[in-house]
Amino acid sequence: MTKERTRLERLFLRLEARFPRFAMVIYVLRQPWAMLIRIPLGILLCLGGIASFLPILGIWMLPLGLLLLAIDLPFLQRPMNGIILRGERQWDLWRRSRRDRKSGQNTSDSKKKAQQDPRLSDKREDYR
């Protein structure tokens, strides 16, 4: 097994862990006997991704089809490994920035609440 093939297998295992609802489907499609299902499905998904201007079909189908084809076509394994790794990094960065932005808003809201009302005075003489 080549380095690219091993990395692709690890990435598929990560996909199974990340999407547990689709783990069984991913597992079955990765089996050697599923090549008769995997190749036509990958080609159909790529064609559907190319025809993404139609209502139900979308651009999401193209990378999924290429990913299925990469299991059997060694020349696609290295580019798909890179695309998956970059996609995971971008996803993590996007989620982290979204989380930081959301937590920044929460802290600024709590600071605003913690500030005293400007109409109240801290001077002791004002309350005599």
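For every chain, the first residue of the written sequence is number 1, and numbering continues from 1 along that sequence. Given that this is a predicted model, residues contribute local features only at a pLDDT of at least 70 and side-chain atom pairs are listed and counted only at 80 or more, while totals for whole chains, interfaces and linings are drawn from all residues. With hydrogens and water stripped out, all remaining heavy atoms of the structure feed into the side-chain values.

(A) Region of the structure containing the overall build of the chain. Where helices and strands are cited, they refer to DSSP runs of H or I of at least four residues and of E of at least two residues respectively, numbered from the N terminus. When its secondary structure is counted, the chain shows 5 helices and 0 strands. When the helices and strands of the chain are read in sequence order from the N terminus, they spell out α-α-α-α-α. We call a residue buried when its accessible area falls under 20% of the maximum for its residue type, exposed when it is over 50%, and partly exposed in between, using a 1.4 Å probe and counting protein chains only. Taking all 128 residues of the chain together, 28% fall into the buried category. In what follows, a contact means two residues having at least one pair of non-hydrogen atoms within 4.5 Å. A separation threshold of at least 6 residues defines the contact pool for the chain, and within that pool the share at least 24 residues apart is 43%.

(B) Region of interest: a positive patch on the surface. There is a patch of like positive charges on the surface, built from R18, R95, R98, R101 and K102. The greatest single-element share of the positive patch, amounting to 4 residues, is contributed by helix α5 (residues 74–114). You can see R101 is positioned in helix α5. Grouping into patches uses exposed residues only, defined as over 30% relative accessible area, and leaves out salt-bridged ones; the cut-off is 9 Å for like charges and 5 Å for nonpolar side chains (Val, Leu, Ile, Met, Phe, Trp, Tyr). For every accessible area listed, the method is Shrake-Rupley and the probe measures 1.4 Å; residues are considered covered only by the protein chains on display. Note on definitions: salt bridges are taken to be side-chain nitrogens of Lys or Arg within 4 Å of carboxyl oxygens of Asp or Glu. We count Lys and Arg on the positive side and Asp and Glu on the negative side, and we leave His and both chain ends out. By convention, charge coordinates are those of NZ in Lys, CZ in Arg, CG in Asp, or CD in Glu.

(C) Here's a closer look at the environment of P32. Note on placement: P32 falls in the loop between α2 (23–30) and α3 (35–50). Judged by relative accessible area, which is 64%, P32 ranks as exposed. With 39 residues separating them along the chain, P32 and I71 place their C-alpha atoms 9.5 Å apart.

(D) Spatial organisation of the packing of α3 against helix α4 (residues 61–70). Axis geometry follows a simple rule: fit a line to the C-alpha atoms, using only the stretch in contact for helices, then measure angles between N-to-C directions, giving values from 0 to 180 degrees. In the contact formed by α3 and α4, the axes pass within 7 Å of each other and the chain directions differ by 155°. One element, α3, and the other, α4, form an angle in the roughly antiparallel class. As for the relative orientation of α3 and α4, their crossing is left-handed in sense. On α4, the residues touching R38, I39, L41, G42, I43, L45, C46, G48, G49 and I50 of α3 are M61, L62, L64, G65, L66, L68 and L69. Angle categories: roughly parallel below 35 degrees, roughly antiparallel above 145, roughly perpendicular from 65 to 115, and oblique for all the rest. Each crossing gets its hand from how the near helix is turned against the far one by less than a right angle, where anticlockwise is left-handed and clockwise is right-handed.

(E) Structural detail: the pattern of salt bridges. Tallying each qualifying case throughout the model produces 7 salt bridges. In this structure, the salt-bridge partner of E9 is R30, at a minimum N-O distance of 2.9 Å. Linking E9 in helix α1 (residues 3–18) with R30 in helix α2, this pair joins segments that are 21 residues apart in sequence. Since its relative accessible area comes to 18%, E9 is described here as buried. Across the pair E88 and R14 runs a salt bridge whose closest N-O atoms are separated by 2.8 Å. Of this pair, E88 sits in helix α5 while R14 sits in helix α1; the two residues are 74 residues apart in sequence, bridging distant segments of the chain. Residue classification places E88 among the buried residues on the basis of a relative accessible area of 12%. Salt bridges here are not isolated pairs; linked through shared partners, they connect R5, E9, E16 and R30.

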